[in-house]
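Breakdown of the fold
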Amino acid sequence: MTGGFKAVGKTAAEALQLFEQIKSYEDAGAIAVELEVVPVEVATELSKRTSLLVWSMGAGAGCDAQYLFRMIFLDTQKVISLAIQKFIVTSERSMIDFS
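Below or above, wherever it landed, is the structure these notes cover. On a predicted model such as this, the values are computed, not experimentally measured, just so you know.

Before going further, it helps to examine the environment of Gly29. Mapped onto the elements, Gly29 comes out in the loop between helix 1 (12–27) and strand 1 (32–36). Looking at Gly29, the relative accessible area reads 52%, which means it is exposed. For the pair formed by Gly29 and Leu52, sequence separation is 23 residues and the distance between their alpha carbons is 9.3 Å.

As structure tokens, this is what we get:
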């Protein structure tokens, strides 16, 4: 839909544009939309005003569903370190001596 790396819906005009886009998807027969990087208050209100399932990716918990990523809950540095260690151990095990 819209969003991504740039927040949308920060002004009344943008919020209304999002609402109109959601309604057009609803009229076209869609069953769900995803809101990315939309202010929580706007996403919550949009979710209340449509029959579509509204999935949030960085738009707060006021939608019908919310993507949650493990990296949010864990120490990122620790996760990266463990992934590197696992890769190194796996790589060492798969090495074959051709000499």
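Here the narrative resumes.
Okay, the pattern of salt bridges next. Tallied over the entire structure, the rule returns 3 salt bridges. Between Glu45 and Arg49 there is a salt bridge, with its nearest N and O atoms 2.9 Å apart. Three or more residues are tied together by salt bridges with common partners; here these are Glu45, Lys48 and Arg49.

Each α-helix turn comprises 3.6 residues. Residues three or four places apart therefore point the same way. Taking 1.5 Å per residue, 16 residues should reach 22 Å; helix 1 reaches 22 Å between its end C-alpha atoms and fits that length. Check the buried side of helix 1 and you find it contacts strand 1 and helix 2 (40–48). Just downstream of helix 1 lies Gly29, where phi reads positive at about 100°.

Calculation notes
- Residues numbered from 1 in each chain as written.
- Predicted model: local features only at pLDDT ≥ 70, side-chain atom pairs only at ≥ 80, totals over all residues.
- Heavy atoms only, no water.
- Helix = DSSP H or I, 4+ residues; strand = E, 2+ residues; numbered from the N terminus.
- Buried < 20%, exposed > 50% of the residue type's maximum accessible area, 1.4 Å probe, protein only.
- Salt bridge = Lys/Arg side-chain N within 4 Å of Asp/Glu carboxyl O.
- Expected span 1.5 Å × (residues − 1).
- Contact = heavy atoms within 4.5 Å.

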